[in-house]
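Summary of the model geometry
Here is what each chain is made of, one letter per residue.
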Amino acid sequence: MAIILGIESSCDDTSAAVLQDTVLLSNVMASQDVHKAYGGVVPELASRAHQQNIVPVVSEALKKAGVGPESIDAIAFTRGPGLLGSLLVGTSFAKGLAVSQSIPLIEVNHLMGHVLSHFIDVLNPEGERVPASGKRPDFPFLCLLVSGGHTQIVKVKAPLDFEILGQTIDDAVGEAFDKGAKLLGLEYPGGPPVDRWAKQGNPKAYQFAKPHIKALDFSFSGVKTSFLYFLRDRVAEEPDYIAHHLPDLAASLQWTLIDILMDKLVKAVKMTGIRQVALAGGVSANSGLRDRMQAEGDKRHWDVFLPPLRFTTDNAAMIAVTGFFKWQAGQTVGLDVAPVTRTAAFAE
Ligand code: KG4
Ligand code: ZN
């Protein structure tokens, strides 16, 4: 049995979580509102905010878990991918704590963390360990990993054995949500407001060109461009066009993005014969995508795994659970470990 402290600081949320093996004891998050005014994450401001937040966030996580620093068996931190200045804060903190407590240090790939969020357990009222999302996939399973920086279909053969079957050749789908939202005059990050407006709109109101990309790879930059030109032409004729059609615009954009994802996921299931299909990453919070995954799954006899909403966007619980699997496998690192802004996916 192990107490694992997880630290996540790859982008604009500072998070710390404590797990006992795979069981969640606490997961604390400090979001940075400072970026809203800029319409995107400002790296310098992000690293400064991480510096301010990291000590109180870790203290709070330990307090909520009811454990002292001396009880921690290992510390897992996000090594990358992410923003260098932000990653450095978490990495340095983790190293300091590892030295002061003489405990092993475990580096975690952020993307692997998103996928393994499906293995976070909680205790039910009877004190039994149950998956936080209600059920857990068996190996091998497919995972559609959709975040602000990545879009991939991954074959997960074992907790630490991943194979990328397809990925975006340009923008990530989260980026497409964010850029589309910006064109609509919505706040950053753009996924949540597009999701909200889309609920009131007609997803078939407009058609935006879908790309033709080989095999299981994705492309989202074409949709963004076609959306941009469409809006530009309409606004030239009618300056208030966006305000008058916001729900339909959001719903149609979201529908197109989801369609692109689902086309490839259906193809991946056909190619691999694997019918256990999971969703992970920040965009997996999208209600339209979750509904569509479930509907496709019901229609096609897949077993669909949706992460609990609190584990969709960046959080340290997913880093800690990945840390637990690596701790079990004896995969610890030395103090000379450095953050990596772009990782060759799932590489050590
Ligand atoms: O995983 P994440 O928190 O950070 C990265 O690792 O990138 O993902 C952030 C992305 C952003 O692009 C954000 O707009 C998107 O997740 N997102 C959503 C929703 N909530 C967050 N996209 C669509 N619908 C949502 N409800
Ligand atoms: Zn993420």
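Preceding this section is the structure that the text describes.
All of the points below concern the structure found in this document. (Residues numbered from 1 in each chain as written. Chains lettered and ligands numbered in written order. Predicted model: local features only at pLDDT ≥ 70, side-chain atom pairs only at ≥ 80, totals over all residues. Heavy atoms only, no water.)

**As for the coordination of the zinc ion (ligand 2)**
His110 (NE2), His114 (NE2) and Asp314 (OD) make up the full set of protein donors to the zinc ion (ligand 2), lying at 2.0 to 2.1 Å. Ordering the donors of the zinc ion (ligand 2) by residue number gives the pattern H-x3-H-x199-D. Note that His114 is positioned in helix 3 (residues 110-116) and Asp314 in the loop between strand 12 (303-305) and helix 9 (316-328), a separation of 200 residues in sequence. The class of His114 is buried, set by a relative accessible area of 0%. (Donors = N, O, S within 2.8 Å, 3.2 Å for Na, K, Ca; no water. Helix = DSSP H or I, 4+ residues; strand = E, 2+ residues; numbered from the N terminus. Buried < 20%, exposed > 50% of the residue type's maximum accessible area, 1.4 Å probe, protein only.)

**Re the sheet that holds strand 12**
If you walk across this open sheet you meet the five strands as 10-9-8-11-12, and the pairing is mixed. Single-partner strands in this sheet number two, and they are strand 10 (161-167) and strand 12. Across the sheet, the axes of successive neighbouring strands diverge by a mean angle of 25°, strand direction being ignored. With four bridges connecting them, strand 8 (residues 141-146) and strand 11 (residues 276-280) associate as parallel partners. Bridge pairing links Cys143 to Ala278 in strand 11. The strands touched by helix 7 (residues 241-272) within the sheet are strand 8, strand 9 (151-158), strand 10 and strand 11, with strand 8 carrying the most contacts at an inclination of about 160°. (Pairing = 2+ DSSP bridges. Axes fitted to C-alpha atoms, helices over the stretch in contact; angles between N-to-C directions. Contact = heavy atoms within 4.5 Å.)

**Brief notes about helix 7**
Taking 1.5 Å as the rise per residue, helix 7 with 32 residues should run 46 Å; its terminal C-alpha atoms sit 45 Å apart, in good agreement. In helix 7, a bend of some 60° at Pro247 exceeds every other bend along the element. Positive backbone phi, approximately 75°, marks Gly273, located one or two places after helix 7. (Expected span 1.5 Å × (residues − 1). Bend = angle between axes of the 7 residues up to and from the residue.)

**With respect to the nonpolar core**
Core analysis: the biggest nonpolar cluster contains 46 residues, and Leu184, Leu249, Leu289 and Met293 have the highest contact counts within it. Those elements giving two or more residues to this core turn out to be strand 8, helix 4 (173-183), helix 5 (191-198), helix 6 (221-237), helix 7, strand 11 and helix 8 (287-300). Ranked by residues supplied to this core, first place goes to helix 7 with 16 residues. Ignoring any residue separated from it by four or fewer positions in sequence, one finds Leu249 in contact with Leu184, Tyr206, Phe227, Phe230, Leu231, Tyr241 and Ile242. Formed by 34 residues, the second largest nonpolar core is a distinct cluster that contains Leu145, Val154, Ala278 and Met318. (Core = buried A, V, L, I, M, F, W, Y, C linked by side-chain atoms within 4.5 Å.)

**Considering the packing of helix 5 against helix 7**
The N-to-C vectors of helix 5 and helix 7 enclose an angle of 115°; their axes lie 7 Å apart at closest approach. The orientation of helix 5 relative to helix 7 falls into the category roughly perpendicular. Of the two possible hands of crossing, helix 5 and helix 7 adopt the one that is left-handed. Contacts from Val194, Asp195, Trp197 and Ala198 in helix 5 reach Leu246, Pro247, Ala250, Ala251 and Gln254 in helix 7. Looking at the contact of helix 5 with helix 7 residue by residue, the class counts come to seven nonpolar, one polar and one charged. (Parallel < 35°, antiparallel > 145°, perpendicular 65-115°, else oblique. Left-handed = near helix turned anticlockwise from the far one by under 90°. Nonpolar A, V, L, I, M, F, W, Y, C, P; charged D, E, K, R; others polar.)

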